[in-house]
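Understanding the architecture of this molecule
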Amino acid sequence: MELTCIVCPMGCRITVEKVDGRLHVSGNTCKRGEKYALQESVCPMRTLTTLVRVRGGEGPLCPVKTREAIPKAMLEEALGVVKGVCVDAPVKIGDVVVKNIAGTGVDLVATANRERR
Amino acid sequence: MEYRYDIVIIGGGPAGLAAALSARETAPEAKILMLERDKKLGGILQQCIHNGFGLHYFGQELTGPEYAQRFIDQLEAAKIEVWTDTMVLDFSSEKVVDCVCAARGYVQVQAGAIVLAMGCRERTRGALSIPGTRPAGIYTAGCAQRLNNIEGYLPGKKVVILGSGDIGLIMARRMTWEGAQVKLVAEIMPYSSGLNRNIVQCLVDNDIPLKFNHTVTAVHGQERVTGVTVSEVDPATRRPIAGTEEFYECDTLLLSVGLIPENELTRGAGVEMDRITNGAVVDQFRQTSMEGVFACGNVLHVHDLVDNVSNESAIAGAAAARYAMGQKAAGQVYAVKAENGVRYALPQRIVAGDAGKLDVYFRVDAAYRNPSVQVLCGDKVLYSRKKQIMTPGEMEKMTLDQGLITGDITVRLDK
Ligand SMILES: Cc1cc2nc3c(=O)[nH]c(=O)nc-3n(C[C@H](O)[C@H](O)[C@H](O)COP(=O)(O)OP(=O)(O)OC[C@H]3O[C@@H](n4cnc5c(N)ncnc54)[C@H](O)[C@@H]3O)c2cc1C
Ligand code: SF4
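Residues numbered from 1 in each chain as written. Chains lettered and ligands numbered in written order. Predicted model: local features only at pLDDT ≥ 70, side-chain atom pairs only at ≥ 80, totals over all residues. Heavy atoms only, no water.

**Brief notes about the overall build of chain B**
Scanning chain B from terminus to terminus reveals seven helices and 29 strands. For 415 residues, the compact-globule estimate of 2.2 N^0.38 gives 22 Å, and chain B sits close to it at 22 Å. If you line up chain B on its principal axes, its C-alpha atoms span 65 × 60 × 40 Å. Split into buried and exposed, the 415 residues of chain B put 58% on the buried side. In chain B, of all internal contacts separated by at least 6 residues, the share reaching a separation of at least 24 is 63%. When the accessible surface of chain B is totalled, it reaches about 17,100 Å², and 47% of it is carbon and sulfur. (Helix = DSSP H or I, 4+ residues; strand = E, 2+ residues; numbered from the N terminus. Rg over C-alpha atoms; globule rule 2.2 N^0.38 Å. Buried < 20%, exposed > 50% of the residue type's maximum accessible area, 1.4 Å probe, protein only. Contact = heavy atoms within 4.5 Å. Areas by Shrake-Rupley, 256 points an atom, 1.4 Å probe, with all protein chains shown as cover.)

Pasting the structure below:
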């Protein structure tokens, strides 16, 4: 499998091959790339970054992310959960907005501060 | 003059923030002022809610607002005065900065040194002249990003994106996730100017087609966009090929066709400009042709990685602080030239005297496979390295040994 590493903006081109029944990774510049390529060939993971509505804040929205990457296959369900969420200002970076989003075991957290208006 | 500061920083994006903090480190006693026209600091990062920032600088993957906040949190302790809602109108070679400030009205500030960190703005449709009507529904990708991520309006439901710059790619995913249908990304060049990771994560992941050598040749609709015509172009001339026209029904056209450094102030002051980067000509300290005036970040040249912006701005901030404290770099000045596949190299000048390492940033003018990058000084080869692939979308960096530079240098490719 040929893929582009997305762990950092370098975007190394990585090849994953089966050699004697084991996965062999080449083309990566660093260890993170190897880990990513192996993961990508087994269960691709993505960090979800999106927005939730805020009540009583400076603006109508607050950006959020999953604290860690979640399975790519779970993105759609997680986005569905986010749609219904509305939080009250003030919000601080790192505040948990949704615990264990879509049963992934990963929390959705705020990525910006939103003062009360 | 009522307002006097040792160092005045124009712009409160990542460039201005890093410059301010490094100026403080270099000059613990200096009076430092930051001027920002927006209500909030953070610049473009405020609306870049996706992650991918800071892996090189912080060794951690952050979103735009998180990356900015790390710097903003340090400002107060660093005793840096910040005026938001303050638009700088011009500055002079005497380093008098004119601005209008919501809290103070029209104000003149006398600076000891100035750091320009105004960022860049997007190329607009007018600069491209697509034939057809002028209906509503045409946005630059960054404008759509602001509408969606800050104001909370989805700019459209059926979208075609012209240009595969990073902002367009990010918006393709954003709008898909918001429930819109992104039908196509058309790129006139045979390669993307966006980062690879964005092509993978934003387009491939969401099955959004990317067509190289294609462009929008007509916009349809009276009040609102109803569709666009997309044609294939001849890669040699970039002219549309007759007979390849295809109609795409859509209500929104996003333009992601590049950024232009915002240098009205710089030009107005008479600072020497580089025709290729559209930014100032600088030396390794990021000092412009005007003594005591420094530039960094996207106003100097367009960066893809904010980490590079922070590094560059720390250099400019420290140098501005040294200048304001009376230490001036002086010495023989050598030129840095770019040729044979290298579009530009920065800094454009090197002041001799230092013995340490010197980072030179450059971009190539087309995609190359297995090129070799060379730096020549007269007939000496100062640097030579083979690369697997180089594209104009990715800024390259190399580190030179400054002690070896004894004259003008040339950065080139051996293709
Ligand atoms: C959509 C998008 C996606 C990106 N994605 C990534 C990514 O995934 N990873 C990554 O590492 N990098 C990314 N970047 C690049 C990075 O964000 C930019 O390179 C960086 O923000 C540039 O910083 P800057 O401070 O030079 O400019 P800006 O962030 O534009 O800040 C300039 C500031 O100056 C102010 N200003 C301008 N003129 C005046 C004036 N006359 N008076 C007062 N204030 C003024 C502006 O209001 C603004 O706040 C992205 C950029 C964009 C646009
Ligand atoms: S392999 Fe390492 S350096 Fe290359 S893109 Fe992946 S994380 Fe970045």
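This is not the end of the story, as more comes after the structure.
**Structural notes on the packing of helix H1 (residues 14-26) of chain B against helix H2 (residues 64-75) of chain B**
Residue and element names in this part refer to chain B. Axis separation between H1 and H2 bottoms out at 10 Å; the angle between their running directions is 40°. As summarised for this structure, H1 and H2 are arranged oblique, according to the angle between their axes. Of the two possible hands of crossing, H1 and H2 adopt the one that is left-handed. Seen from H1, the contacting residues are Leu-17, Ala-18, Ala-20 and Leu-21; seen from H2, they are Ala-68, Phe-71, Ile-72, Gln-74 and Leu-75. For the contact of H1 with H2, the per-class residue count stands at eight nonpolar, one polar and no charged. (Axes fitted to C-alpha atoms, helices over the stretch in contact; angles between N-to-C directions. Parallel < 35°, antiparallel > 145°, perpendicular 65-115°, else oblique. Left-handed = near helix turned anticlockwise from the far one by under 90°. Nonpolar A, V, L, I, M, F, W, Y, C, P; charged D, E, K, R; others polar.)

**With respect to the domain arrangement of chain A**
Taken domain by domain, chain A holds domain 1 (2-42) and domain 2 (49-110). Between the C-alpha centres of domain 1 of chain A and domain 2 of chain A there is a distance of 29 Å. (Domains from an automatic or database assignment.)

**Thoughts on the sheet that holds strand E11 (residues 158-162) of chain B**
Residue and element names in this part refer to chain B. Spatially, the five strands line up as an open sheet ordered E10-E17-E11-E12-E13, and their pairing is parallel. Two strands close off the open sheet at either side, each with one partner strand: strand E10 (138-140) and strand E13 (210-212). Strand-to-strand twist of the sheet, defined as the mean angle between neighbouring strand axes without regard to direction, takes the value 20°. In this sheet, strand E17 (residues 252-255) lies alongside E11 in parallel orientation, the contact comprising four bridges. Of the residues in E17, the one forming a bridge with Leu-162 is Leu-255. (Pairing = 2+ DSSP bridges.)

**What to know about the interface of chain A and chain B**
In many analyses, interface size is given as the accessible surface area lost on bringing the parts together. If you look at the interface, chain A gives 29 residues, while chain B gives 31 residues. Of the roughly 2,700 Å² buried between chain A and chain B on both sides combined, carbon and sulfur atoms contribute 55%. Taken together, the links from chain A to chain B amount to four salt bridges. Applying the counting rule to chain A against chain B returns five residue pairs in polar contact (both at pLDDT 80 or more). Of all the elements in the fold, those that place two or more residues in the side of chain A that touches chain B are strand E5 (49-55), strand E6 (61-66) and helix H2 (75-83) of chain A. Residues that form the side of chain A that touches chain B fall into these classes: 14 nonpolar, seven polar and eight charged. (Buried area = accessible area lost by both parts, 1.4 Å probe. Salt bridge = Lys/Arg side-chain N within 4 Å of Asp/Glu carboxyl O. Polar contact = N/O pair within 3.5 Å; in protein donor to acceptor, adjacent residues only side chain to side chain.)

**Side note on the domain arrangement of chain B**
All names here are of chain B. If you check the domain split of chain B, you get domain 1 (1-122 + 259-329), domain 2 (124-257) and domain 3 (330-415). Of the roughly 1,200 Å² buried where domain 1 meets domain 2, counting both sides, 47% is carbon and sulfur surface. On the domain 1 side of the interface with domain 2, the three residues burying the most area are Gln-47, His-50 and Glu-122, jointly 54% of the side's total. We note a salt bridge from Glu-61 to Arg-197, for which the minimum N-O separation is 2.9 Å. At the boundary of domain 1 with domain 2, the tally comes to eight residue pairs in polar contact (both at pLDDT 80 or more).

**Thoughts on the nonpolar core**
Residues Ile7(B), Ile80(B), Val115(B) and Phe294(B) are the most contacted members of the largest nonpolar core, which totals 38 residues. Residues Val107(B), Ile114(B), Ala295(B) and Met395(B) belong to the second largest nonpolar core, which totals 32 residues. (Core = buried A, V, L, I, M, F, W, Y, C linked by side-chain atoms within 4.5 Å.)

**Describing a nonpolar patch on the surface**
Together, Met87(B), Leu89(B), Val100(B) and Tyr106(B) make up a nonpolar patch on the protein surface, roughly 370 Å² of accessible area in all. The residue Tyr106(B) is located in strand E8 (residues 105-116) in this model. (Patch = residues over 30% accessible without salt bridge, like charges linked within 9 Å, V, L, I, M, F, W, Y side chains within 5 Å.)

**Considerations on helix H5 (residues 196-203) of chain B**
Of all the eight residues making up H5(B), eight are buried; the element is thus mostly covered by neighbouring parts of the structure. By the burial criterion, the buried members of H5(B) are Asn196(B), Arg197(B), Asn198(B), Ile199(B), Val200(B), Gln201(B), Cys202(B) and Leu203(B).

**Quick word on the packing of aromatic side chains**
Residues and elements named next belong to chain B. Summed over all chains, the structure comprises nine aromatic pairs over all chains. The interplanar angle of 70° and the centroid separation of 5.3 Å between the aromatic rings of Phe-58 and Tyr-67 together place this pair among those described as edge-to-face. By relative accessible area, Phe-58 is classed as partly exposed at 26%. The cationic tip of Lys-31 hangs over the ring face of Tyr-5; the distance from NZ or CZ to the ring centre is 4.6 Å. The ring of Phe-58 is capped by Arg-70, whose NZ or CZ atom sits 4.9 Å from the centre of that ring. (Phe/Tyr/Trp six-rings, centres within 6.5 Å; stacked < 30°, edge-to-face > 60°. Lys NZ or Arg CZ within 6 Å of the ring centre and 35° of its normal.)

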